[in-house]
Structure formats: C-alpha cells, structure tokens
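# Secondary and tertiary structure notes
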Amino acid sequence: RVVTVEFSPTRGGAYAGQLNLRSADLVPAAVSVPIQAQGLAPDLIVSPLAEVGLEFGLVEVGQSQVERLALINRGLAELTLRTIEVSGGGFAVSSADSLPPIGPGQRRDVAVTYTPRYEGPAAGVLRLVTDDPATPEVELSLQGSARISPPRVEILNPAIIAFGSVPIGRSSRESLLLWNRGGSPITVTLQLRGGQGEFDLQSSSVMLQPGQSDKVELSFAP
C-alpha cells in the first residue's frame, strides 16, 4: 500500500513535521516518520528602504531628475513584478510589463523620474505589487521640490573662435555654441562689431529654453 503525502507551502523556508502511523499489527503500535521539506518563494527587499523613500532634491521646472530603486530578490524562487505605479504630479516610472522576472539572488534597478511643472514641494507614492507571499505590496514615499531660477547663458566655445587662413574669394564657417543652464527661457541677441563686413551671422537672435543648447553659424569671407 502506498501513502501519498502532499506538501503545499504558504511561505518560503524550511518545514518539518511527522507522519504518525498507528496499527495493532505494528510493533510498537505507533511509528513516527520525520517529514522535511523546503518551500521555495521569492523574498523582495528594496533599496532605499520603504520607510526612507526616494528623495529627488531641488529640480528646475521643466528639467528632470532620475533616481533608482533597487529591487533585490533574496528568496529561492523567481520574483514577478505584477504592477509598478506612481501617484503625485511630476513623478513617472516604467511599466512592470517591461521588467522581466528577477531570479533568486538577483537585483534589478527601476528608474523613477521627477519632472516638475510647477514651483514648490511635491510628494508622491510609488506602489509595488509582486508575488512575494510575505510582502505582496510595498509603498515608498516620493519627495521633491521645484524652482524657477533666472536664465544663465554660457558660451561653450574656446576664448577665441578661429577661422584660420582663408583665401580671398572663399569663405569659412564656424559655430558659436550657447547653453542656458538657468531655469527660465531667454532670447539671446547677437551683434557683430568690426571685421569690415567680412564676418557674417546666420541669425541675430536665438531662443534658449532651460537646459537647452544651440549653435549659431558664423562665416568669414575675406
């Protein structure tokens, strides 16, 4: 006669028990058979901790700051991410559908982006749903703040824009590189002085959004 014992774990880790047999035909009349098994389950930990959350600091309105959330599976079975979603203005995260399962002992980083549209502090919540039986849901707080600073234009060229030696009747072109590292848009007006007409500008003005760079072509025809 075969006796079937079924094992259906509800958590990960080691299990121990006994199978007790009793019969008047046994000597002794009761026999205990030790039973051991190992439950395989994922075990998710996040970094930073859920109690700490993600802090994005001070960000210019219209620009983006990316922080990464580490998902670590310290269990013995594959971890499946069912949903990843955020609430709160300006925060965004990739979909769980684009993230493959995390194997035992493996780690995966999730990029969370903060792109503020208004000045002032911002708060949100990131919610994870996985198949970890011990902690199926994890929530982390998201904190950030936004500001609008004045425009700040920088010239990225060397100190001198050199056209080199150019034969008479021909022309040479170079670019003036401008970058607005401030937090407000600005229109930069350009004007040539000197050169007796040999120098020429492609455009006399350029509009730069916060964080945007652009170039203006200059030509020299002696």
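The preceding data block contains the structure.
A brief look at the structure comes next. (Residues numbered from 1 in each chain as written. Predicted model: local features only at pLDDT ≥ 70, side-chain atom pairs only at ≥ 80, totals over all residues. Heavy atoms only, no water.)

Turning our attention to the sheet that holds strand E14 (residues 199-201). The four strands lie next to each other as E11-E12-E16-E14, forming an open sheet whose pairing is antiparallel. Looking at the sheet topology across the chains shown, the edges are occupied by strand E11 (153-155) and E14. On average, each strand axis in the sheet is inclined to that of its neighbour by 30°, with strand direction left out of account. As paired elements, strand E12 (residues 172-180) and strand E16 (residues 213-220) share eight bridges and run antiparallel to each other. Within E16, the position partnered with serine 175 by the bridge is glutamate 217. (Pairing = 2+ DSSP bridges. Helix = DSSP H or I, 4+ residues; strand = E, 2+ residues; numbered from the N terminus. Axes fitted to C-alpha atoms, helices over the stretch in contact; angles between N-to-C directions.)

Its place among the elements puts threonine 130 in strand E9 (residues 120-130). Side-chain polar atoms of threonine 130 contact the backbone nitrogen of aspartate 132, separated by 3.2 Å. Not counting residues within four places of it along the chain, the set of residues in contact with threonine 130 comprises Leu44, Leu79, Thr80, Leu81, Arg82, Thr135 and Pro136. (Polar contact = N/O pair within 3.5 Å; in protein donor to acceptor, adjacent residues only side chain to side chain. Contact = heavy atoms within 4.5 Å.)

It is worth spelling out a nonpolar patch on the surface at this point. On the surface, Leu21, Leu26, Val31 and Val33 cluster together to form a nonpolar patch covering roughly 250 Å² of accessible area. Its location among the elements puts leucine 26 in the loop between strand E1 (13-22) and strand E2 (30-39). (Patch = residues over 30% accessible without salt bridge, like charges linked within 9 Å, V, L, I, M, F, W, Y side chains within 5 Å. Areas by Shrake-Rupley, 256 points an atom, 1.4 Å probe, with all protein chains shown as cover. Salt bridge = Lys/Arg side-chain N within 4 Å of Asp/Glu carboxyl O.)

As summarised here, the arrangement of the four strands in space is E3-E5-E8-E7, forming an open sheet in which the pairing is antiparallel. The two strands at the open ends of the sheet, each matched to only one other strand, are strand E3 (44-47) and strand E7 (91-93). Strand-to-strand twist across the sheet, computed as the mean angle between neighbouring axes with direction ignored, equals 25°. Where E3 lies against strand E5 (residues 65-73), four bridges are found, and the strand directions are antiparallel.

A separate point is the packing of aromatic side chains. Summed over all chains, the structure comprises seven aromatic pairs. Ring centres of phenylalanine 56 and phenylalanine 91 lie 5.5 Å apart, and the angle between their planes is 55°; this geometry places the pair in the tilted category. On the criterion of sequence distance, the pair formed by phenylalanine 56 in strand E4 (residues 54-60) and phenylalanine 91 in strand E7 is long-range, its members being 35 residues apart. When the centroid spacing of 5.7 Å and the interplanar angle of 55° are considered together, the rings of phenylalanine 56 and tyrosine 114 count as tilted. Placement of phenylalanine 56 in strand E4 and of tyrosine 114 in strand E8 (residues 107-114) is noted, with a sequence separation of 58 residues between them. Since its relative accessible area comes to 5%, phenylalanine 56 is described here as buried. The exposure class of tyrosine 114 is buried, given its relative accessible area of 1%. Among the aromatic side chains, those forming a connected cluster through ring pairs are Phe56, Phe91 and Tyr114. (Phe/Tyr/Trp six-rings, centres within 6.5 Å; stacked < 30°, edge-to-face > 60°. Buried < 20%, exposed > 50% of the residue type's maximum accessible area, 1.4 Å probe, protein only.)

To continue, consider the environment of glycine 53. Residue placement: glycine 53 occurs in the loop between E3 and E4. Linking glycine 53 and glutamine 143, residues 90 residues apart in sequence, is a C-alpha distance of 7.9 Å. Ignoring sequence-local partners within four residues, the contact set of glycine 53 consists of Pro48, Leu140 and Ser141.

Applying the stated rule across the entire model yields eight salt bridges. We note a salt bridge from aspartate 43 to arginine 74, for which the minimum N-O separation is 2.9 Å. With aspartate 43 in the loop between E2 and E3 and arginine 74 in the loop between E5 and strand E6 (81-87), the pair connects residues that are 31 residues apart, well separated along the chain. Judged by relative accessible area, arginine 74 falls into the exposed class, the value being 56%.

Turning our eyes to something else, we now look at the pairing of E16. Pairing of E14 with E16 involves three bridges; the strand directions are antiparallel. Its bridge partner being in E16, aspartate 200 is matched across the sheet by serine 219.

Just distances and angles here, no functional claims.
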